[in-house]
Every structure is written in C-alpha cells, then in structure tokens.
Amino acid sequence: MPPPNPSRSPRYRAVTEILLMGSEGRTRAANTPNSFPSRALATFLVLWAVSQYLFFRNCELGFGGRGLRGGLGPDDTPDYLRSAPFDASELSQANHLVVVCGHAIVVSEDLSKVETSDAAWSLLPYQRDQDLPATFVSHIRRGVELTAADPRALLVFSGGQTRATAGPRSEALSYWLVGEHFGWWGEANAVRPRAVLEDYARDSFENLLFAV
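Going along each chain's sequence as written, the residues are numbered from 1 onward. Thresholds applied to this predicted model are a pLDDT of at least 70 for local features of residues and 80 or more for the giving and counting of side-chain atom pairs; totals over whole chains, interfaces and linings are not thresholded and use all residues. Calculated side-chain values reflect all of the structure's heavy atoms, with hydrogen atoms and water omitted.

Caption draft 1: Examining the pattern of salt bridges more closely. We define a salt bridge as a side-chain nitrogen of Lys or Arg found within 4 Å of a carboxyl oxygen belonging to Asp or Glu. Tallied over the full model, the rule gives five salt bridges. A salt bridge links Glu109 to Arg169; its shortest N-O distance comes to 3.5 Å. In this pair, Glu109 sits in the loop between strand E2 (105–106) and strand E3 (121–122) while Arg169 sits in the loop between strand E4 (153–158) and helix H5 (171–181), placing the two residues 60 residues apart along the sequence. Owing to a relative accessible area of 71%, Glu109 belongs among the exposed residues under this scheme. We classify Arg169 as partly exposed; its relative accessible area is 31%. Here a strand is any run of E in DSSP of at least two residues, a helix any run of H or I of at least four, and the numbering for each starts at the N terminus. Relative accessibility under 20% of the residue-type maximum defines a buried residue, over 50% an exposed one, and the middle range a partly exposed one, all with a 1.4 Å probe and only protein chains included.

Spelled out as structure tokens, the structure:
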C-alpha cells in the first residue's frame with residue numbers, strides 16, 4: 001500500500017496509517033512463533049479501521065442524501081442546524097455568564113407536550129401537579145433571550161444525572177434539547193454557538209460552583 005497522500009484529509013491519513021500498521025503487524029507476526037494472536041489483532045485493526053472509514057465517509061455523503069437522522073432530506077434540515085453549530089472560538093470572547101439551573105429531566109422522546117405535561121419529565125412527588133413544565137421552559141427561554149441580547153455572553157445549562165429513574169440523562173442536556181425543540185425561539189444563530197452544558201451538578205450549590 002502506498003504511503004498516505006498529504007493532500008488527503010486528516011481522517012483519511014489517520015485511517016491509512018492504521019491500515020499500514022495492520023499490514024506491518026501481519027508481516028512481523030508471520031516471522032514470529034505463536035503468531036495467531038498477532039494475526040488476529042492485525043486483522044481486527046484493519047477491519048476496525050475500514051469500518052471507521054466507511055462510517056465517516058457515509059456521514060459525509062449523508063447516507064444517500066437522507067442525513068444522519070435517516071428521515072430528513074437535505075431540504076428538510078432546519079437552517080440553524082447547518083448555520084449555527086457550536087463554536088469554541090466564541091468562548092474566548094465571552095465575559096458574561098448566563099446560567100440556567102436544571103430542576104428536572106426530560107424523559108419523553110416526543111417533546112410536543114414538554115411545556116404542558118408532567119409526563120414528559122421525571123418529577124419528584126412534590127413537583128407534580130404544580131404546572132412546573134411551563135416554568136422550566138420559561139427558564140430556558142429566558143436564558144436564551146438574555147444570551148441573545150448580549151453577544152459576549154455564554155449560556156450554560158447546569159444540572160447532572162439527578163434522577164435514577166431517568167437513566168443516564170442529565171438536567172443540562174434536557175434543557176438544551178428543549179431549546180433545540182423550540183428552535184431557540186428564533187435566536188438559534190445568535191445563541192446555539194454559545195450554549196454549553198455543565199452536567200455534573202447535583203444541587204444548587206454545585207450549579208453555581210461547576211458552572212463558573
């Protein structure tokens with residue numbers, strides 16, 4: 001196999017290097033006793049590298065034009081998903097912090113009733129029948145509005161995996177997904193590149209400590 005072409009993408013070079021390593025491993029293994037484990041390892045590395053290359057290649061091609069989500073075509077993808085990805089360079093410009101502390105975790109795959117239904121959230125007994133879903137969403141929206149109004153603000157959704165019944169979901173990710181569901185209330189281009197998660201906090205003190 002020829003050496004990697006420097007003009008290729010970094011991903012291509014990385015995959016090619018792994019393939020070359022696998023080939024060298026097979027050559028060395030053939031000249032050493034008890035070579036079966038070495039040959040098996042080399043074969044595994046080659047197959048793994050090929051699978052990774054094909055996976056990322058398919059991501060670039062969009063799985064036949066359907067995109068990673070399978071059901072959406074290129075024209076169905078919301079504009080902000082293409083134009084407003086997270087931008088780490090924005091962090092160096094931020095000098096204000098907007099922290100939205102989580103109080104519950106979304107457990108429903110369908111977020112159409114996330115603002116009105118207790119069933120969409122993993123709630124503690126004292127949180128039920130209090131119209132809290134609307135309150136949670138209002139907190140998220142207010143954080144988005146404040147961040148949109150300040151181009152040097154960083155929006156942090158803070159809250160960890162605080163509900164055993166919710167599985168490995170965090171309050172921070174739940175709030176981010178709610179913002180995503182509502183299209184960031186028309187502020188996706190301004191806010192989405194500056195919205196991050198702090199998903200370790202277990203209480204209000206840690207919300208403040210870890211977010212800072």
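Caption draft 2: Region of interest: the nonpolar core. In terms of nonpolar packing, the biggest core is built from 26 residues, with Val114, Trp121, Leu155, Phe157 and Trp184 touching the most fellow members. Put simply, the parts of the chain that give this core at least two residues each are strand E1 (96–101), helix H4 (132–149), E4, H5 and helix H6 (188–191). Take this core: its biggest share by element is five residues, from H4. Any two residues whose heavy atoms approach within 4.5 Å are treated as being in contact. Once residues lying within four places of it in the same chain are set aside, the contact partners of Leu155 are Val98, Val100, Gly143, Val144, Thr147, Trp184, Val191, Arg194, Ala195 and Val196. Nine residue types can take part in a nonpolar core, namely buried Ala, Val, Leu, Ile, Met, Phe, Trp, Tyr and Cys, and a core is a set of them joined through side-chain atoms within 4.5 Å.

Caption draft 3: Looking closely at the side chain of Glu198. Counting through the fold element by element, Glu198 comes out in strand E5 (residues 195–198). Working convention for charge: Lys and Arg count positive, Asp and Glu count negative, and His plus the chain ends are omitted. Arg202 is the oppositely charged side chain nearest to the buried, salt-bridge-free Glu198, at an N-O distance of 9.0 Å. Of the polar contacts made by the side chain of Glu198, one reaches the side chain of Ser158; its length is 2.6 Å. At 2.7 Å, the side chain of Glu198 and the backbone nitrogen of Tyr200 are in polar contact. Ignoring sequence-local partners within four residues, the contact set of Glu198 consists of Val156, Phe157, Ser158, Gly159, Ala172, Glu206, Asn207, Phe210 and Ala211. In protein, a polar contact means a hydrogen-donor-capable atom and an acceptor-capable atom, both N or O and within 3.5 Å, with residues adjacent in sequence counting only if both atoms are side-chain atoms; elsewhere, any N or O pair within 3.5 Å suffices.

So, to be careful, I would describe these as geometric facts and stop short of saying anything about function.
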